[in-house]
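Structural features, examined
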Amino acid sequence: MAKPKRSLPATRWPTRDSAQQSLLFTPIQVGSFECQSRGWVPAMVPWRATEGGEVTPQVLEWYGRMADGQPGVLVVEATGVRDVPSGPLLRIGDDRFIDGLRELVQVVKERSAGRTRLVIQILDFLRIRRRPEKHRFLGEFLSITKSHRRALEEFAPCGPDEADLRKALAELDDASLQKVLSQREWEALNNGERERVGDLQVDAVRDLPQVLPGLFAAASSRAQKAGFDGVELHMAHAYTLASFLSACNMRDDGYGSTIEGRQRLPLEVLAAVRAKVGPDWTVGCRILGDEVIPGGSRIEDACSHALALAKGGIDFISVSKGGKFEDARQPAVGQAAYPYTGASGAECMPTVTHFEQPFGRNLPLSHAIRATLREAGHGIPVIGAGGIGTFELAEEALQNGDCDLVGAARQSLADPDWWLKVREGRGDEVRRCIYTNYCEGLDQKHRQVTCQLWDRDLEEPDRDGTIQRSTDNKRRLNAPPWKR
Ligand SMILES: Cc1cc2nc3c(=O)[nH]c(=O)nc-3n(C[C@H](O)[C@H](O)[C@H](O)COP(=O)(O)O)c2cc1C
Ligand code: SF4
């Protein structure tokens, strides 16, 4: 049962002078670039690209608005390395995407007055289907096998005709049907079919080790040409490289089962990217400190992954938690499973409705990873995130050695200017995120992401004098301007 919503804890904001002296506003080197501050905006998908995955004016405004607040680093949303349709999510799987992305880079440079470094998160994901209607699944999609016939003998013997067999299946009660179907088929019926990295019988999955290094390298090279300061290889949450790293990866072709096997493809991807972009361009990654699923990777695995990646030449490691399909809530018929539901989803974007203490909740993970790296002599920066929305918490995390840069996704969504407000000693003007995940609910429904707090100023024009609304015309599309 959901816990009741609670109010945000009080916080104290620094004066301009003490902000200037803080670690948060001290420069730091990340690979080949220097950041002016240690404030990091992690990737967030805003659902504003074209159906073809191209940059739109709304995408430019989303990142331009984030850049107004001059964070040290801004990470562009998870962007697909393949040139395949994936809805209004950015793509970088072909050279035709470079011009639009170059424009995005320019906008961020201008609007941050050159103070924000821009990194793009790139990813691959496996196929996932929507939850089917039961009659269509049993009547059309399910491949009938001998084992179905055998199992059905027990409940409803029928003749050799496939149509009769499908009809018999459709008439079974759930308990019997579950016994007739395999576990994967039962899951496909109830949640939608989902490919796994262990599906070696599927050519495209078996061949991932041959295909992904080249795809990630080509995508990184395009990001470099577009003018980004670096790339973040998405090895976290529910996506392909994270699934290779996962303790659940039991591939027996040298790319799973043992920890070295699980790390092999991510390291080969890193090596291919590095070979393509050269030594003087920042290549980092995002990994999970804990998968939060039964049988999944824990912090010990994550520390081992971080060490292997550091040895492989990674320039930064951003640490996240959970966000897996394995425990995702059952989707409605016609919808796809969403990995930010279930226990692992709650840990990924902690809220005040799920947790007594969502603030900085995941910092022990980045702390442990950073300590492991430092003990082994690796000085690469580690980024922590999860419920960080105040200067006090951010500065404490840095002072404590929990991380080298502080990620604040939803707080930067609620108020993109918050970094600048804090730096200028005007923290009491910060619009504080209330961590109830209205924005994540929109992401789940594949709707343009906005913040519920923005709508308090529904009639306040954007800086160009217009008021941009969401496609349903009910919400502000952009954060209200900061009236200085
Ligand atoms: C709307 C939304 C979209 C997100 N999209 C991504 C994404 O594309 N890639 C990613 O690694 N994390 C994504 N996240 C997770 C955030 O980067 C971040 O890890 C998480 O929100 C916890 O940080 P916070 O408490 O500062 O918000 C998203 C979060 C939100 C709210
Ligand atoms: S919608 Fe809610 S959780 Fe999301 S950024 Fe706004 S205040 Fe924070």
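Structure: above.
This section reports on the structure supplied with the text. (Residues numbered from 1 in each chain as written. Chains lettered and ligands numbered in written order. Predicted model: local features only at pLDDT ≥ 70, side-chain atom pairs only at ≥ 80, totals over all residues.)

1. Remarks on the site of ligand 1
With respect to spatial proximity, 25 residues lie near ligand 1, and among them Pro 42, Ala 43, Ala 78, Ala 409 and Arg 410 are the closest. For the shell around ligand 1, the element with the highest residue contribution is helix α19 (residues 438–444), accounting for three residues. Looking at the shell around ligand 1 residue by residue, the classes come out as 13 nonpolar, seven polar and five charged. (Near = placed C-beta within 6 Å. Helix = DSSP H or I, 4+ residues; strand = E, 2+ residues; numbered from the N terminus. Nonpolar A, V, L, I, M, F, W, Y, C, P; charged D, E, K, R; others polar.)

2. Let's talk about unusual backbone geometry
Even without being a glycine, Trp 47 presents a positive backbone phi close to 55°. Here Trp 47 lies in the loop between β3 (39–41) and α2 (57–68). Taking the number of C-beta atoms within 10 Å as the measure of exposure, Trp 47 has 21 and is therefore buried. Even without a glycine there, the phi angle at Gln 70 is positive, about 55°. One can find Gln 70 in the loop between α2 and β4 (73–80). (Buried ≥ 20, exposed ≤ 12 C-beta atoms within 10 Å, placed from the backbone.)

3. A closer look at the pairing of strand β8 (residues 317–320)
Neither face of β8 is left uncovered, since the one carrying Ile 317 and Val 319 and the one carrying Ser 318 and Ser 320 both have all their residues buried. Two elements, strand β7 (residues 282–288) and β8, share four bridges in a ladder whose sense is parallel. The residue of β8 that forms the bridge with Ile 287 is Val 319. A crossover connection joins β7 to the parallel β8 through helix α13 (residues 299–311); in handedness this β-α-β unit is right-handed. The sheet contact formed by β8 and strand β9 (residues 382–384) spans two bridges and is parallel. Within β9, the position partnered with Ser 318 by the bridge is Ile 383. (Pairing = 2+ DSSP bridges. Right-handed = clockwise from strand over helix to strand, strands pointing away.)

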